[in-house]
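Letter by letter, the chains look like this.
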Amino acid sequence: MTQTAKKIGFIGLGIMGAPMALNLMKSGYKLLTHSRGQTPELLKQGGVTLCTNNKDVAERADIIFLMVPDTPQVQEVLFGPNGVAEGLTPGKIVVDMSSISPIATKEFAAKIRAKGGEYLDAPVSGGEVGAKNASLSIMVGGKQEVFDTVKPLFEAMGKNITLVGEVGDGQTAKVANQIIVALNIEAVSEALLFAAKAGADPAKVRQALMGGFASSKILEVHGERMIHRTFDPGFRIELHQKDLNLALSSARALGVALPNTATAQELFNSCAAHGGKSWDHSAMVRALEKMSNFEIGQKA
């Protein structure tokens, strides 16, 4: 099957899904989709085929990608009325790029395989910028041969593509990623808030730190957001809350202590309580600012 002959289903055309789907089309893949909301105009202009429901997508596509917010949405898309599972035939591949429960992922994969299909979990990191630039990190769980089949499509959407292990291991890697990201946001928030309250220019402090051991992608991208107060989402706080819930519930089951992850979650909870569940997750800094009665950018 040549690249352009593969018919690709893509379900979930939100902040992340739409640019990922567009990058697949730019790479020459024929795309089929079904969306509850409006299909983005760029995809329509690119010649995306609109299907009547998720079952229709699965019937007509060879590989079906999902990019939806949470575990219940994945379950609904796969196994709800007129779901993907109803349209599968043996040999088709389901690739879930959402960030969901590793335990549920294994259950979903077993059901898909029972119908003769194959399953990869392939959550991503890199946010809206990475989705638009086709530079996402993609963490994959599943069989080597299935990964090899899908890898050229992953390469249309990302740069750092790793088969982590069996089904569910991709989701475990994503949870670990979200722990690191949350704690880095918290660290950058504290550092820039401290610097600003001490009377230093936080923009120049950030610039100085970018050349040292404290440098990070979070300091580069989200540090700038904090300084310029640009909290329109790339990645919404409510989605990061969902990911940290997965981390904390899994840690409880495993008997692992994640004290700083719990603290980061409480800071996100504070933001949500102040109407910020749809803010970008860099806005965690606002919770610390309220506790300190001082905002980055105001005069000390």
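For the structure given in this document, a descriptive report is provided here.

The rules behind these values
Residues numbered from 1 in each chain as written. Predicted model: local features only at pLDDT ≥ 70, side-chain atom pairs only at ≥ 80, totals over all residues. Heavy atoms only, no water. Helix = DSSP H or I, 4+ residues; strand = E, 2+ residues; numbered from the N terminus. Buried < 20%, exposed > 50% of the residue type's maximum accessible area, 1.4 Å probe, protein only. Contact = heavy atoms within 4.5 Å. Pairing = 2+ DSSP bridges. Right-handed = clockwise from strand over helix to strand, strands pointing away.

### Quick notes on the environment of glycine 87
Piece 1. Counting through the fold element by element, glycine 87 comes out in helix 5 (residues 84–87).
Piece 2. Residue glycine 87 is classed as buried on the basis of its relative accessible area of 3%.
Piece 3. Leave out the neighbours within four places in its chain, and glycine 87 touches Lys55, Ala58, Glu59 and Lys92.

### Section: the pairing of strand 2 (residues 30–33)
Piece 1. In this sheet, strand 2 lies alongside strand 1 (residues 7–11) in parallel orientation, the contact comprising four bridges. Its bridge partner lying in strand 2, isoleucine 8 is registered against leucine 31.
Piece 2. Regarding the hand of the β-α-β motif, the stretch spanning strand 1, helix 1 (residues 17–26) and strand 2 is right-handed.
Piece 3. Across two bridges, the pairing between strand 2 and strand 3 (residues 49–50) is parallel. Residue pairing for strand 3: threonine 33 is matched across the bridge by leucine 50.

### Things to note about helix 14 (residues 284–292)
Piece 1. Within helix 14 the residues assigned to the buried category are Met284, Val285, Ala287, Leu288 and Glu289.
Piece 2. Packing partners of the buried residues in helix 14 comprise helix 9 (169–197), helix 11 (217–228), helix 12 (237–254) and helix 13 (259–273).
Piece 3. With its phi angle positive at about 55°, asparagine 293 sits one or two positions after the end of helix 14.

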